[in-house]
Amino acid sequence: MKKPFRVLALAAIAASFAFTMPFKKDAKQINVVIDAGHGAKDHGANIDGFTEKQLTDAVAEKISQLNNSEDVVIHFTRVEDNFVSLEDRVKAINALNPDLMLSLHVNYAKGDTKSGMEFFVSEQSNAYQKSAEYAEILSDKFENQKFKVSEVLKAPFFILKKVNAPAVHFEMGYLSNATDRNYLTSEKGQEQIAATVLDFIKEIK
Ligand SMILES: [Zn+2]
């Protein structure tokens, strides 16, 4: 009976390490967590049958599909239409200890005039400086392609405060604005956003 018990115990130790230890890092690689905001019962912004949770998921998936670099390793906080609490997202991200966490969202305002992309970081983050620097680079990448972008904004969002890695909250546009909605819900728009995010990741690598 002793031997099988040992094997089981070792397997349990290996499994617990796999869960709690950051993966072995390769110096050439960059590890990025893409956090598709919302999911399942949490629809986020919602208009004309379009939901924020679907759009964040679609862009996250395109980032994965378009990534052709072995040195860019993309991780996700949710797959498909699952509900994952903010606390569980933070736990998973901090266990991974990535080089960057990018949270994808879609904005909504009363009325239809507000438009454009917004980038948020938290001053309460351990990695505030790096987060702000990354948000600036990402914002510039979109601005260079004639997207309307905000300054880098500060917000005390839970996930931004609690994630140990550099963390940026990216509002990709306003679902309440017709022009933004058209590109956010189009394949081409989603692909352009995903490709720009990948360009940015390669730049900070
Ligand atoms: Zn959101």
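Per chain, residue numbering runs from 1 following the sequence as it is written. In view of the model being predicted, local features appear only for residues whose pLDDT reaches at least 70, and side-chain atom pairs are presented and counted only at 80 or more, with totals across whole chains, interfaces and linings using the full set of residues. Hydrogens and water are ignored here; the side-chain numbers use all heavy atoms of the structure.

As annotated in an unreviewed UniProt entry, the protein is N-acetylmuramoyl-L-alanine amidase from Flavobacterium zepuense. Turning to the protein, the UniProt record has this under Catalytic activity (unreviewed entry): "Hydrolyzes the link between N-acetylmuramoyl residues and L-amino acid residues in certain cell-wall glycopeptides." UniProt positions are given in the numbering used here, feature names are shortened, and annotations may be inferred rather than shown by experiment.

**Overview of the pairing of strand β1 (residues 30-36)**
Along any regular strand the residues' side chains alternate between the sheet's two faces. Throughout this description, buried means an accessible area under 20% of the type-specific maximum (1.4 Å probe, protein chains only), exposed means over 50%, and partly exposed covers the range between. Secondary structure is summarised from DSSP: a helix means a run of H or I of at least four residues, a strand means a run of E of at least two, and numbering begins at the N terminus for each. With seven of seven residues buried, β1 is to be regarded as a mostly interior element. Neither face of β1 is left uncovered, since the one carrying I30, V32, I34 and A36 and the one carrying N31, V33 and D35 both have all their residues buried. If DSSP finds at least two bridges between two strands, the strands pair. The pairing of β1 with strand β4 (residues 72-76) spans five bridges and is parallel. Its bridge partner lying in β4, V33 is registered against H75. Alignment of β1 against strand β5 (residues 100-107), held across five bridges, turns out to be parallel. Along β5, the bridge assignment pairs V33 with M101.

**What to know about the packing of aromatic side chains**
For any pair of aromatic rings, the description consists of the separation of the ring centres together with the inter-plane angle of the planes. Only Phe, Tyr and Trp rings take part, Trp by its six-membered ring, and two of them pair if their centres are within 6.5 Å. Stacked means planes under 30 degrees apart, edge-to-face means over 60, and tilted covers everything else. One pass over the full model with this rule turns up seven aromatic pairs. Aromatic side chains F120 and F157 sit 5.3 Å apart centroid to centroid with 55° between the ring planes, which places their arrangement in the tilted category. Of this pair, F120 sits in strand β6 (residues 117-121) while F157 sits in the loop between β7 (149-154) and α5 (158-162), and the two are 37 residues apart along the sequence. Judged by its relative accessible area of 12%, F120 falls in the buried class. F157 gets classed as partly exposed once you look at its relative accessible area, which sits at 30%. Ring plane angle 75° and centroid distance 5.6 Å describe the contact between F147 and Y183, whose orientation is recorded as edge-to-face. In this pair, F147 is assigned in the loop between α4 (128-143) and β7 and Y183 in helix α6 (residues 178-184), connecting sequence segments 36 residues apart.

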